[in-house]
Structures are given as C-alpha cells and as structure tokens.
Amino acid sequence: MKILIRPTDKLMSILVRRLANGRCQYCGQVCEIYNADGSVERIKKLEASHYHGRVHEGTRMALKNVSALCFTCHQTLGGYQKSEQGDYDLWMKSRLGNEYWQLKLAAFQNKKRDDVFDMMWLIQELKKLGIMEKPKKEKKEMCCNGKFVKKYCALHMVKPDKKKHLSVDNDA
C-alpha cells in the first residue's frame, strides 16, 4: 500500500535530518554537512525513518517516531515488527525507554492529523533552526475555494499555483 507523501512529510524529513546534525542516529556516520551559506553537501543518503509507518496518523509527525538514518541502516533495520524483537525495535526501546510504550499506544489510535496545524508547527520549528526565513514581501493569495491565505493554500497544502489559484496583491 503506497502512502501519499504530504508537504508536511517533506518538511518533517528536513527537520529530523537537521536536528540530527546530518548524522545517522544509529551508526553515527556523518551523511550531510551543512554550510554557513545554507547549502548542503551530501556524503551519503540520510533518510527520515518512521518507526511506526506514516499510515499511523497518531505518530506520523511525532519526533520520537522519526529517526535520521543513513540509507544502509534504514534498509537493515526495517521498521516496527509485531514480535518487537527486531533490531529497530530493540534500538527504539533502548533509545526511548518508558516513552516507547506511549509511542506504541499513540501509533495504534485512530486519529486524523490536522495538516494545517502540522504545517504551522513544522515551519515554526524550522525557523528556530534558521532554515526557513520569513518572506520579504507578503503577498495575499486567493485560493480556488475563495478564502484569502498567506503563503500556502490551506485546502491543497501547496503554494498557490497560477493554474489553480488567483493571485491578488496587497494593494487590491
């Protein structure tokens, strides 16, 4: 079953990899180097790995559920196993301690995520790290649903597209 990758998933991946300072959290290997000018040098592929997959909405945006792993470790560890005796399971138990059981409980609760709230939270966290800057000129956008929004269309969770959206300057 293929899970849709949302814009919030992409931002979560950036946040997790930056919080890990470009290192694999399992083996400790340096995978990315962040330069002062904001550019990134990739030495080895660093991925954001969800212990409980993205299909579990309760833990999809939980920082404790997502780890920065190099490609090799990500392939080797796999993910959550029902037996809870796999390498990833044992590593997560040692990493989280008692919080492991809270994470497991949250993963198996039926919950629908609020993408707008998640987007706002992720942008705020990325700004704290100096990754996202405030826009220099704010421009109001009118989405196809008729509501005015800044930066992102709350309905589509994307930057307004000229084909789908009507742009309006502040002067209007």
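Notes on the structure follow. It should be emphasised that the depicted structure is a prediction, and the values quoted were computed from it without experimental measurement.

Criteria and thresholds
- Residues numbered from 1 in each chain as written.
- Predicted model: local features only at pLDDT ≥ 70, side-chain atom pairs only at ≥ 80, totals over all residues.
- Heavy atoms only, no water.
- Phe/Tyr/Trp six-rings, centres within 6.5 Å; stacked < 30°, edge-to-face > 60°.
- Helix = DSSP H or I, 4+ residues; strand = E, 2+ residues; numbered from the N terminus.
- Buried < 20%, exposed > 50% of the residue type's maximum accessible area, 1.4 Å probe, protein only.
- Arc of directions from axis to C-beta.
- Contact = heavy atoms within 4.5 Å.
- Patch = residues over 30% accessible without salt bridge, like charges linked within 9 Å, V, L, I, M, F, W, Y side chains within 5 Å.
- Areas by Shrake-Rupley, 256 points an atom, 1.4 Å probe, with all protein chains shown as cover.
- Salt bridge = Lys/Arg side-chain N within 4 Å of Asp/Glu carboxyl O.

Take the packing of aromatic side chains next. For the structure shown, the criterion picks out five aromatic pairs. Between Y51 and Y88, the aromatic rings sit 5.1 Å apart at their centres with planes inclined by 65°, giving edge-to-face as the arrangement. One end of the pair, Y51, is in the loop between β3 (46-50) and β4 (66-70); the other, Y88, is in helix α3 (residues 87-96), and 37 residues separate them in sequence. The exposure classification of Y51 matches that of Y88, with both residues buried. By the ring-pair criterion, three or more aromatic residues cluster together here, those being Y26, Y51, Y88, W91, Y100 and W101.

So, about helix α4 (residues 99-107). Of all the positions in α4, only Y100, L103 and A107 are classed as buried. Projection of α4 onto a plane perpendicular to its axis shows the buried side chains occupying an angular sector of 65°, all on one side. Exposed residues on α4 whose side chains face more than 90 degrees from its buried face are Q102 and L105. Against α3 lie the buried residues of α4.

Along the chain, H52 falls in the loop between β3 and β4. In this structure H52 comes out as buried when scored by relative accessible area, which is 1%. Aside from chain neighbours lying at most four places away, what touches H52 is T59, N65, Y80, L103, K104, A107 and F108.

Moving on: a nonpolar patch on the surface. Nonpolar side chains collect at one region of the surface, where L19, L63 and L129 lie side by side and expose about 230 Å² of accessible area between them. With respect to the secondary-structure elements, L129 resides in the loop between α5 (115-128) and β5 (140-142). Given a relative accessible area of 40%, L129 falls into the partly exposed group.

So far we have only geometry, and geometry alone does not tell us how the molecule works.
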